[in-house]
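Geometric and topological summary
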Amino acid sequence: MIRDNINAVEDRIQSACSLSGRKREEVKLIAVSKTKPIEMLQQAYACGCRDFGENKVQELLEKYDKMPKDIRWHMIGHLQRNKVKYIVDKVYLIHSVDSLRLAEEISKEAVKKEVTVSILIEINVAEEAGKFGTTVREAVSLVEEISRLPNIAVKGLMTIAPYVENSEENRLYFTMLRQIAVDIIHKNIDNVFMKELSMGMTGDYETAIMEGATYIRIGTGIFGEREYTSV
Ligand SMILES: *Cc1c(COP(=O)(O)O)cnc(C)c1O
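In this text the structure is predicted, and so the values were computed from the model without any measurement. (Residues numbered from 1 in each chain as written. Predicted model: local features only at pLDDT ≥ 70, side-chain atom pairs only at ≥ 80, totals over all residues. Heavy atoms only, no water.)

Moving on, we get to the packing of aromatic side chains. The tally for this structure, following the rule as stated, stands at 1 aromatic pair. Relative to Trp73, the ring of Phe52 lies with its centre 5.8 Å away and its plane at 40°, an arrangement referred to as tilted. In this pair, Phe52 sits in strand β2 (residues 51-54) while Trp73 sits in strand β3 (residues 72-75), placing the two residues 21 residues apart along the sequence. Assessed through its relative accessible area of 1%, Trp73 is described here as buried. Above the plane of the ring of Tyr92 lies Arg72, whose end atom (NZ or CZ) is 5.9 Å from the centre. (Phe/Tyr/Trp six-rings, centres within 6.5 Å; stacked < 30°, edge-to-face > 60°. Helix = DSSP H or I, 4+ residues; strand = E, 2+ residues; numbered from the N terminus. Buried < 20%, exposed > 50% of the residue type's maximum accessible area, 1.4 Å probe, protein only. Lys NZ or Arg CZ within 6 Å of the ring centre and 35° of its normal.)

Right, here's the structure in full:
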């Protein structure tokens, strides 16, 4: 089942790339494995997936221990400052940095462990209430402040678009994220790269690819619906 799902997603990625004149290698697929058991991650791994996304520190650490070491782990969920120390030397990319205080904590722990941590700035482009992410208005100054911290590299931007029936409704948010990245590039900030745009999920990734996504984060489309059990 997972193999079929991955093949179907792969086909759709390729057609979105050719429709928009992009190369397939420009778009990296992250298998979002949150809530899913290790056996399913192993199946995805056997199909060639090497990028996995998790949104909880504890779950990421458990899976990190059990899975092969050539996996690139992506932290895509809200990150509490007191948990940063557990993951700074284990994650490939933190997608969800939305405050200076969180970035300072990441920087501090990265210095201690003598690593450089790659991050994305999460922006709530749709300005949805109750969602994480910095505002569009504050994004540029936040990037400037974070860029001065040691052992941290800002690689780009991330957004979680609203849940919609028709992915076209999210196109403007993807365009906005790309535009903010362009604005930041024009500021030539030291240590800031802005090569990566993490946007697009199961419901809207083709639209995101057409608007320039370099990382798409697919959970349901690969692993099926999630069941959340209350603990
Ligand atoms: C769960 C999650 C995804 C994957 O969502 P699907 O709709 O299942 O593809 C992507 N990004 C983030 C930040 C998530 O939390």
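What follows is about the site of the ligand. Close to the ligand lie Val32, Lys34, Ile76, Ile160, Met201, Thr202, Arg217, Ile218, Gly219, Thr220 and Arg226, which account for all nearby residues. Within the side chain of Lys34, an N or O atom sits 2.6 Å from an oxygen atom of the ligand. One of the side-chain N or O atoms of Thr220 is found 2.5 Å from an oxygen atom in the ligand. In the complex, the protein chains occlude 89% of the 390 Å² of accessible area that the ligand would expose alone. Because more than half of its atoms lie within 2 Å of the grid, the ligand is assigned to the largest pocket. Partitioned by chemical class, the residues of the shell around the ligand number 5 nonpolar, 3 polar and 3 charged. (Near = heavy atom within 4 Å. Polar contact = N/O pair within 3.5 Å; in protein donor to acceptor, adjacent residues only side chain to side chain. Areas by Shrake-Rupley, 256 points an atom, 1.4 Å probe, with all protein chains shown as cover. 1 Å grid on protein atoms, 1.4 Å probe; cavity = no way out; pocket = protein on both sides within 12 Å on 5 of 7 lines; lining within 4 Å. Sits in = over half its atoms within 2 Å of the grid points. Nonpolar A, V, L, I, M, F, W, Y, C, P; charged D, E, K, R; others polar.)

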